[in-house]
Each structure stands twice: as C-alpha cells, then as structure tokens.
Amino acid sequence: MEIIDKVIAKNGLIFAFLFVGFVMLFSFLISKKLLRNKIPGVAIAILIGLALAFTGNKKGMADIPLFAGMAILGGSMFRDFAVVATAMSADISKIKQAGLAGIISLFIGVTVTFSLGATIAYFMGYTDAVSMTTIAAGAGTYIVGPVTGTALGASSDVIAISVATGVIKTIFTTIITPVIAKRIKLDNPHAAVVFGGLIGTTSGVVAGLAATDEKLVPYGALTATFYTGVGCLLYPSVFYLILKFFGF
Amino acid sequence: MKIYGVALLAACFLVGKLLGNLLGKLININSDIGGVGFAMILLIASSIYLRKKGWLVPETEKGILFWSSMYIPIIVAMAATLNVKAAVSGGFVAVVAGIVTTFACMMLLPVLSKIGKNDTSPKN
C-alpha cells in the first residue's frame, strides 16, 4: 500500500490521466446503455467532476493527496493550451462574420450583468457602492470579482461572496447550457461567438458548449476569453462611478 | 513530426499570453486580457499561412489535434477541482446573483445572434 501511494504521489499528473480516462469511460457507458444517448456522455462526465469536487475544499478533489494531480490537469495552463488547440478546427470566415456581433455581445453581457448583479446585491442588503460593484463583478467572472474588490478596497467577506458568485455562474452555465441550447438557438458557430461574449466565464462556456456540441467550443472560447479583461477594465472604473453618481 | 505541431501550438500560446499580459499592463490591470483569444487567432493565422506554403503536413497537424481532443478530459478535471463547497456556502446572494444574471444573459442570445447574421455580402 505504501509503495502504491508513493508511486501515485510522485506521478500525480499521470494518475490524473488514468483517473479521468475512467470517469470518461464510465460516463459514456452510462450515456449509451442507461440513457440511450439522451444526455451526452460529456455532460455526465462534467457533472461527475462537479460532484467529485465536493470531496475536497478549496481545490476540490485535488485536496486529497491521492488526486493532487487533478489540479495540474485541470489547472489553467493545460486548460488554456487545449482550448487554444481547438482553434485549429474553427472556420475563420465564420469568426469574421460574427466578429461585430461578438464585440457587441461582450459589452452588453458585461453591462447587463452589472446592472442586474448590483440590483440584486442592493436588495439583499449590500447597499454601498463598493460592495454592490464587487458582487456584480463576481457575477461577471470569478476573476473580475476579486480584481474589482481589491481595487475598490472591498471587505474580504464581500470579495469571498463575489468569488462564490462567479463559481456559481460557472457551474450554472456548465449544467444549464446543454439544457436550454435549443431554445435559445445555440446551434451554430455564429451564436456560439455571441454566447461566449454574453456569458464570459471561459470555463463555464467551454464546458457548457462541450456538453452541447463539441464543434462550437472554439467559437465560444474566442470571445469569452476577452470578457474578464473588459470586466476588469469597466467594473472598478466606469461602473463604480455610475453607482457613485446615482448616490450609492 | 508531431512535435512540430505541438511546438507551433506552444509558440502561439506563449506569444498570445504575452500579448494578453502586455495589454493588461498597458491599461494597469495586472492580469491576462484575452491571451487565449490572441493565441487562437495566431494559431488560425499561422496554420493558414503554413498550409499555403505546404509546410503544414498532416503529421504536424496531428500534434495540435491531439491537444484539441484533450480539452474535454481537461474540463472534467477542472470541474473536479472547483471550489464548489465555497460556492454553495457563499450564501444566498451568491446563488441568486450568479444564476439570475447568467440566465438573463442567456435569454439575450437569440436577439443578439441576429446581428450580422443575414448579411450574405459584407456591408460598406
């Protein structure tokens, strides 16, 4: 037993490959045999992933030493590397066609999220401009939240709420995207570009699109990756000043 | 050789990240702004160029396609390493704000998708 632990501890990433491989196999079997492909295997695998995250705390299941390698495999380095690679199968003419819609959707997404987020924060008892902006920023992405909160000097519990809001957004997007994709006509590259700009959480968008239709992933990722930047730019400056202007 | 493809991908990735971080520095936010987006555009552009030159052979391409097919397992690993407990215990505000804002933006998709959609020929 001790030797097994030692081998796995020293080869965490390799063990993560094996483990995720099993999760994928298991998910696709369930999808095929039990659900007759009604729910895609990818969606089941992601849901199993989320469920497994409850076994740990800050780093999900990677908090368990045996699964520490999962944090490397699922970390931002590998994630971004693989997402960039998906660009190989993207059609440049479709990106060009959707370019303007993508940029517009970025700004509309950030603005709508701010207005709604700040309003919700206000009605739930966070009535000062700094807290309202920070919580709304978290509803952008879980990176925009703390960046904005730190810039404005928000209290640490408000920053924690903003991070939680962002993670909820990621999880919600992951689960709900394949469910409502048809209803919101998310079935072509053009819509995926706009979707990425509107929602912005790269991990949620990529996971949600993967569970919907793998071909759409590069298109959504392309715009989503600019969202955090636009958010970090607008929240602590323009949006905060707007709230101040209205007397909060 | 496959490694040429992986190396090309790595080059685009690093240059893209560099651009993203430089842009962040430029507007005084110490984070990566659109690095992945820049890297994707670079990869698309360079693969078009190299294909024209006849240098992008299928074997090289396989090096990139391998990583492209790895993103789903990577996303599963990412999902398993999210701080879900904190997200759930972040309180009611976090849950309401996170879900309502996201849902509202999703509902805007059919409207915004129409922009530039029916133009078969580009304007201006």
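The structure displayed is predicted, hence computed values, not measured ones. (Residues numbered from 1 in each chain as written. Chains lettered and ligands numbered in written order. Predicted model: local features only at pLDDT ≥ 70, side-chain atom pairs only at ≥ 80, totals over all residues.)

Once that is clear, we can look at the nonpolar core. Residues Ile46, Val84 and Ile135 of chain A together with Leu43, Ile75, Val76 and Ala79 of chain B are the most contacted members of the largest nonpolar core, which totals 121 residues. Here this core takes 13 residues from helix H12 (residues 217-245) of chain A, the largest share from any one element. Excluding residues that lie within four positions of it along the chain, Ile46 of chain A makes contacts with Thr174, Ala207 and Ala211 of chain A together with Ile75, Val76 and Ala79 of chain B. (Core = buried A, V, L, I, M, F, W, Y, C linked by C-beta atoms within 7 Å. Buried ≥ 20, exposed ≤ 12 C-beta atoms within 10 Å, placed from the backbone. Helix = DSSP H or I, 4+ residues; strand = E, 2+ residues; numbered from the N terminus. Contact = placed C-beta atoms within 7 Å.)

Let us now look at the UniProt feature "transmembrane region" (unreviewed entry) in chain A. UniProt feature "transmembrane region" (unreviewed entry): in the numbering of this structure it lies at residues 12-30, 37-54, 66-88, 100-124, 158-180, 192-212 and 224-243 of chain A. The distance separating the terminal C-alpha atoms of residues 12-30 of chain A is 27 Å; by composition the span is 100% helix and 0% strand. (UniProt positions renumbered as here; feature names shortened; annotations may be inferred.)

Attention shifts here to the packing of helix H5 (residues 76-85) of chain A against helix H1 (residues 2-26) of chain B. The interhelical angle for the contact between H5 of chain A and H1 of chain B, taken along N-to-C directions, is 115°, at an axis separation of 10 Å. Here H5 of chain A lies roughly perpendicular to H1 of chain B, going by the angle between them. At the point where H5 of chain A passes H1 of chain B, the crossing takes the right-handed sense. The residues of H1 of chain B that touch H5 of chain A, namely those facing Phe81, Val84 and Ala85 of chain A, are Leu9, Cys12, Phe13 and Gly16 of chain B. Split into classes, the residues belonging to the contact of H5 of chain A with H1 of chain B amount to six nonpolar, one polar and no charged. (Axes fitted to C-alpha atoms, helices over the stretch in contact; angles between N-to-C directions. Parallel < 35°, antiparallel > 145°, perpendicular 65-115°, else oblique. Left-handed = near helix turned anticlockwise from the far one by under 90°. Nonpolar A, V, L, I, M, F, W, Y, C, P; charged D, E, K, R; others polar.)

Further remarks concern the domain arrangement of chain A. Residues and elements named next belong to chain A. Parsing chain A into structural domains produces domain 1 (2-74) and domain 2 (91-245). Opposite the five residues of domain 1 that make contact, domain 2 presents six residues. Tallied by class, the residues present in the side of domain 1 that touches domain 2 amount to five nonpolar, no polar and no charged. (Domains from an automatic or database assignment.)

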